[in-house]
Amino acid sequence: MISRATLCRAAICCIHGHMKSRRCRAAVYETRLFYPLQESDPLWMKVVNLKQAILQAWKERWSDYQWAINIKKNLGTKGATWDYLNLAEALMEQALIGPSPNPLILSYLKYAITSQMVSYSSVLTAISKFDDFSRDLCVKSLLEIMDMFSNHLSCHGKAEECIGLCRALLNVVVWLLLGCAWYCDRLRELGPSASTEASLGACQERLHSLVSSTKNRALVHIARLEEQGSWSNVEQAIVKLTEGIGSVTNQTLKSKLEESVSLVKGIPHMLSAQSDPPAHPSFPSVHAFIMLEGTMNLTGETQPLVEQLMMIKRMQRIPTPLFVLEIWKACFTGLIESPEGTEELKWTAFMFLKIPQVLLKLKSPQSDRGQDFMDDVNVAFEYLLKLTPLLDKADQRCNCDCLNMLLQECNKLGLLSDSNATNLSTKREYAPRQKTTENANIQPNPGLILRAEPTVTNILKTVDADHSKSPEGLLGVLAHMLSGKSLDLLLAAAAATGKLKSFARKFIKLNEFPKHISGEGCEYMTFIPALIYTCVGVYGLMPSLCLFSPFPSTPPAKSASVRALLFDISFLMLCHVVQTYGSEVILSEPSPSGETPFFETWLLTCMPEEGKILNPDHPCFRPESGKVESLVALLNNSSEMKLMKWHEICLSTPAAILEVLNAWENGVLSVDAVQKITDNIKGKVCSMAICAVAWLVAHVRMLGRDEREKPQTMIRQLVTPLFGENTLQFYNERVVIMSSILEHMCADVFQQTGLLLRPPLEGQEPIPYRNLLPAKEPIHEALRRQFQAVLRKGWVDSRALHLFESLLHIGGVFWFTNNLVKELLKETRKEWANRVVELLYSIFCLDTQQITLTLLGTILPNLLTDPAHWHSLADPPGKALAKLSVWCALSSFSTHHKGQASARQRKRQREDIEDYSSLFPLDDTQPSKLMRLLSSNEDEPVTLSSPGDRSMSSSLSASQLHTVNMRDPLNRVLANLFLLISSILGSKMAGPHTQFVHSFMEECVECLEQGHRGSILQFLPFTMVSELVKLPAMAKPKVVLAITDLTLPLGRRVAAKAISAL
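The structure presented is a predicted model; accordingly, all values stated were derived computationally and were not measured. (Residues numbered from 1 in each chain as written. Predicted model: local features only at pLDDT ≥ 70, side-chain atom pairs only at ≥ 80, totals over all residues. Heavy atoms only, no water.)

Remarks on the overall build of the protein
Point 1. When helices and strands are counted, the protein shows 49 helices and two strands.
Point 2. Across the 1062 residues of the protein, 55% fall into the buried class.
Point 3. For the protein, the proportion of contacts with a sequence separation of at least 24, taken over those separated by at least 6, is 77%.
Point 4. As presented, the protein carries roughly 46400 Å² of accessible surface, and 53% of it is formed by carbon and sulfur atoms. (Helix = DSSP H or I, 4+ residues; strand = E, 2+ residues; numbered from the N terminus. Buried < 20%, exposed > 50% of the residue type's maximum accessible area, 1.4 Å probe, protein only. Contact = heavy atoms within 4.5 Å. Areas by Shrake-Rupley, 256 points an atom, 1.4 Å probe, with all protein chains shown as cover.)

Now the structure itself:
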């Protein structure tokens, strides 16, 4: 049988008389062969007789309504079939044969348009095919026909018809541009002419009228995406018109032409237009997020921080000067309130080293407007200069001119011009406090940090060199790092500049150095054969003969002591890094050699950390019994050992301590004997004391209150420094770091029994951010009280962030999120509700991924599906919760697929908040039970069709066409939430929950219009679009473009259908 395409081609050829082409003649011949011309064949009669009917009507001078009656009676075609037969084009072709249009046939066309016999798209397409602009009367008639419907273009047919309207609009825009260009060329060739200017003005007026409508521009935008090459025709027409505009002498007409061209050029960028910024001058979310990063995530990479800040800026539409100002305000505040010591150095490094780099990366995405960004930074500093009390407080704390140092750093990085930096510096009247004898010689931390940055690079190069032959040179460098606060300065500078991981990796390599030298041990004294009693066994003494002899190839004593010091110092530094910046700094990157280093093994299995439970009976604490016996003997007699390597000594120390403890508890050893042993442990090599206390802490955690006395006494003995002459080099420097490490290890264990590790020393600061929770207050009350304090204050400080993190860890993600959402829903004042949203968003950054899963996957569905909770979703708290949910969803989705979870979020133990696998089946092509329940519709099938023939089922979304991995928990939760929203929109029951849904979708669009297209809304079912446009706030072309995925053909059809019906 002949194909339908061949039949259509033959029909069209007959209508227009195009029989010269071999292809056309073949099509007609083939058609006649299979479909003989018979009066009983209605389709053939319509095709052949259409042109004849038009000519007969013209010959007999039928009126327009007579023509319509006769043609409908004879051809019997209704609706869109007239477009299929190209009725509009056939009428226009006959009407425009001569130099002037045929008024009678034009009346037929106008009647067909008025009576909707032909669609607007077919008329516009026919108009765009007329290319003889020299016939002014014909052009004028076509423009008048356009005036009949151009101000109310619409289409209520199928999606394909709506796409046809989009294409037709784009074609007619090209036609009008070419018409304007033709008349401009005519003016240039023939000179000024009133008639030509009138024709040009008529074309320009219609073009402006067409593209000034947002709806029409949206439809043209869809056509541009539907046919990628079609926009080049528009660009070529714009080039022609731009070249000819100069010949227009009428300035009014010229400016109108330029305005129309500008509107056409802006069509591809119509979604990126920025809305008006908010009026309020402060932004707590930016402030709190900077406080969070400076307090807890100094080691984090710069790029995720930049992207998160940019997202906050876009979501809240913050002007750049105020945005930069808020960052500086948070930095100054964090520096002022930071505890003295390590925390102050970390904040100093964050403010003077990391934030300028962040601003530099904020500038790079806007490289085309780099000068504008420099001006914005300058304006931000102008605002900052007005905050004199803040600057004075920072200068007083740091004992220097902080602002001037910042200006110099920004000037070095190209964030400020020389003139602006000098001008700002002169405006700041720095009045330093009178230096007392106490602080006269103290160098300001900002200056030290800035000098420490290049020092870090030099140290990395030094450590990287080969020191196997003469390690003594390296020892001097390490000893200098241990003095004073040098180590904390260098670590803070390395952390802020992203070099801390390299720093740690170098010291792990250094710690491995003695491991590969055989016969290396402690350098106490020469060994002699001895018969000693060792404390082996739980209940008594066992005689053990340990024969020691000098190792035949023992290295010189000096080299042995140097290697012992290298091992000890590197071990201390690595422990300090772990306690200050987290174990992720060490464990995030695998060893280059592929072999797991000793320190990493010890860190994973033996070192106590916050939230980490150790098993004191783990095999790692039970090395070979022979080595343990030897070590116990040596500790009991202050002897030397040459048979064990340093890593073996550290691994054997816990078992030796267990034997000593058992002997003491069973009366075999006295207190003085135990004191002697602990003095031997800590007297020379501090790493042994750390390994011993690490095991004791794990052991004490497993004991009852009454059983902890002796283990805790041993801990106190080990923590107390031993000062004497018979110690290895740099002992005083090493013991300071050891004491700090041991104090951090034991703090939680001693807190449980209310005991002090040691009497507080005068002038010594307690461990920062420890023991923040009240002793006898329920955690629910502590959370409520702290949040109310933060809300009254208007911003989150470092102490509050640490307290919130503790409560999150203790109560769990669901408890934490649910209770803070309840606090939000209590706020009935719009201003305060919005403030709560900004504060909660920054607090939720403590663990964005897990909190977002809980909020969107559990809390919101519970609120939306339980009528008892609907009253709490009324505005303003309901709208505020919708905004918070969208912000969390966007942030989580953008960082989730880039793997940008911070080290702080990765190290915390996870809790199973819900088995998300039950929401979707393993076969992603089939809808889950919940999807079927939410998308059930009597008129539509629920099962999804194949990709080649997808029906508009109510569960089909862009994510399924993009084959998004629905096994991912976040993807499941988002898809589930949008299905729930779709079911609420389609239900017949209205209430606060539907109002919440409206607010949620409006907030999605608000954020997406700022450049977030194609993220979470890809999970929105396509059929939900038709429900959304019924809402007044959503019935806008830009909204439809924003919520549909225009990269998909189905998305473009859905958008075209929705916009055409507006």
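Comments concerning the packing of aromatic side chains
Point 1. Throughout the structure, instances matching the rule amount to 19 aromatic pairs.
Point 2. Consider the rings of F893 and F1019, whose centres lie 6.0 Å apart with planes at 85°: the pair is edge-to-face. Here F893, found in helix α41 (residues 877–896), pairs with F1019, found in the loop between α46 (992–1008) and α47 (1024–1028); they are 126 residues apart in sequence, far enough to count as distant. Across the pair, exposure class does not vary: F893 and F1019 are buried alike. (Phe/Tyr/Trp six-rings, centres within 6.5 Å; stacked < 30°, edge-to-face > 60°.)

Some words on the pattern of salt bridges
Point 1. The tally for this structure, following the rule as stated, stands at 26 salt bridges.
Point 2. As a salt-bridge pair, R186 and D136 come within 3.6 Å of each other at their nearest N and O atoms. You can see R186 sitting in helix α10 (residues 159–190) and its partner D136 sitting in helix α9 (residues 136–147), a full 50 residues away along the chain.
Point 3. Looking at R186, the relative accessible area reads 23%, which means it is partly exposed.
Point 4. For the salt bridge of R1053 with E226, the shortest nitrogen-to-oxygen distance reads 3.1 Å. Here the residue R1053 occupies a position in helix α49 (residues 1049–1060), and E226 occupies one in helix α12 (residues 214–226), the gap between them amounting to 827 residues. For the pair R1053 and E226, one class covers both residues: buried.
Point 5. When salt bridges with common partners are traced through the structure, they connect E160, R167, E226, E227, R1052 and R1053 into a single cluster. (Salt bridge = Lys/Arg side-chain N within 4 Å of Asp/Glu carboxyl O.)

Here we look at the nonpolar core
Point 1. In terms of nonpolar packing, the biggest core is built from 329 residues, with W67, W175, W602, F816 and L881 touching the most fellow members.
Point 2. Ranked by residue count, the leading element in this core is α10, at 18 residues. (Core = buried A, V, L, I, M, F, W, Y, C linked by side-chain atoms within 4.5 Å.)

Some remarks on the environment of C203
Point 1. Topologically, C203 is positioned in helix α11 (residues 194–211).
Point 2. We classify C203 as buried; its relative accessible area is 1%.
Point 3. Taking the C-alpha atoms as reference, C203 lies 8.8 Å from K140; in sequence the two are 63 residues apart.

Structural notes on unusual backbone geometry
Point 1. The step from D875 to P876 runs through a cis peptide bond, and the omega angle for that step is 5°.
Point 2. Relative to the assigned elements, P876 resides in the loop between α40 (848–865) and α41.
Point 3. In the Ramachandran plot, R61 falls in the positive-phi region, its phi being about 55° despite a non-glycine side chain.
Point 4. Phi angles above zero are rare outside glycine, and N399 is one such case at about 60°.
Point 5. Structurally, the position occupied by N399 is in the loop between α20 (388–398) and α21 (402–412).
Point 6. Take N399: its relative accessible area is 19%, and that puts it in the buried class.

Focus on helix α18 (residues 342–363)
Point 1. For α18, which comprises 22 residues, the first-to-last C-alpha distance of 31 Å matches the rise-based estimate of 32 Å (1.5 Å per residue) to within 8%.
Point 2. The sharpest bend along α18 measures roughly 35° and falls at K354, with the proline P356 sitting one to four residues further on.
Point 3. Taking burial as the measure, the 22 residues of α18 include 18 buried ones, the bulk of the element. (Expected span 1.5 Å × (residues − 1). Bend = angle between axes of the 7 residues up to and from the residue.)

Examining the environment of V735
Point 1. Relative to the helices and strands, V735 is located in helix α35 (residues 731–753).
Point 2. Residues V735 and T720, spaced 15 residues apart in sequence, show a C-alpha to C-alpha distance of 9.2 Å.

What about the state of the cysteines?
Point 1. Scanning the model with the defined rule gives zero disulfides in all.
Point 2. Here C162 stays free of any disulfide, with the sulfur of C155 as its closest cysteine sulfur at 3.7 Å.
Point 3. As a non-bridged cysteine, C398 has C402 as the owner of its nearest cysteine sulfur, 3.8 Å distant.
Point 4. Residue C398 is classed as buried on the basis of its relative accessible area, which comes to 3%. (Disulfide = S-S within 2.5 Å.)

Concerning helix α17 (residues 320–337)
Three or four residues apart is the spacing at which side chains of an α-helix point the same way, because the helix has 3.6 residues per turn.
Point 1. For α17, spanning 18 residues, the distance from its first C-alpha to its last is 26 Å, which sits close to the expected 26 Å at 1.5 Å a residue.
Point 2. With respect to burial, α17 is a largely interior element, 16 of its 18 residues being buried.

So, the packing of α17 against α18
Point 1. Interhelical geometry of α17 versus α18 gives an angle of 170° and a closest axis separation of 9 Å. Of the possible angle classes, the one that applies to α17 and α18 is roughly antiparallel. Residues F323, V324, I327, W328, A330, C331, F332, G334 and L335 of α17 form the contact with α18, whose participating residues are E344, W347, T348, F350, M351, F352, I355, L359 and L362.
Point 2. Along the lines of polarity and charge, the residues of the contact of α17 with α18 split into 15 nonpolar, two polar and one charged. (Axes fitted to C-alpha atoms, helices over the stretch in contact; angles between N-to-C directions. Parallel < 35°, antiparallel > 145°, perpendicular 65-115°, else oblique. Nonpolar A, V, L, I, M, F, W, Y, C, P; charged D, E, K, R; others polar.)

With respect to the side chain of K363
Point 1. In this structure, K363 sits in helix α18.
Point 2. In this structure the side chain of K363 is engaged in a polar contact, spanning 3.0 Å, whose partner is the backbone oxygen of G414. (Polar contact = N/O pair within 3.5 Å; in protein donor to acceptor, adjacent residues only side chain to side chain.)

Regarding the packing of helix α31 (residues 646–665) against helix α33 (residues 686–701)
Point 1. For the pair α31 and α33, interaxial distance at closest approach is 8 Å and the crossing angle is 55°. One finds that α31 runs oblique with respect to α33. Handedness of the crossing formed by α31 with α33: right-handed. Taking contact as the criterion, the partners of I649, C650, T653, P654, I657, L658 and L661 in α31 are, on α33, S687, M688, C691, A692, W695, L696 and H699. (Left-handed = near helix turned anticlockwise from the far one by under 90°.)

Regarding the confidence of the model for the protein
Point 1. Confidence in the prediction of the protein, expressed as mean pLDDT, is 77, and 74% of residues score 70 or more.
Point 2. The weakest mean pLDDT in the protein belongs to strand β1 (residues 530–534) at 26; the strongest belongs to helix α38 (residues 813–825) at 94.
Point 3. Counting interchain partners and residues more than four positions distant, the pLDDT-below-50 stretch residues 518–556 has 74 contacts.
Point 4. In the model, residues 906–952 has pLDDT below 50 throughout and makes 87 contacts with residues more than four positions away in sequence or in other chains. (pLDDT = per-residue confidence, 0-100.)

Some remarks on the environment of S63
Point 1. Following the sequence through the fold, S63 ends up in the loop between α3 (42–59) and α4 (64–75).
Point 2. What makes S63 partly exposed here is its relative accessible area of 22%.
Point 3. Through-space distance from the C-alpha of S63 to that of Y111 is 9.9 Å; in sequence the pair is 48 residues apart.

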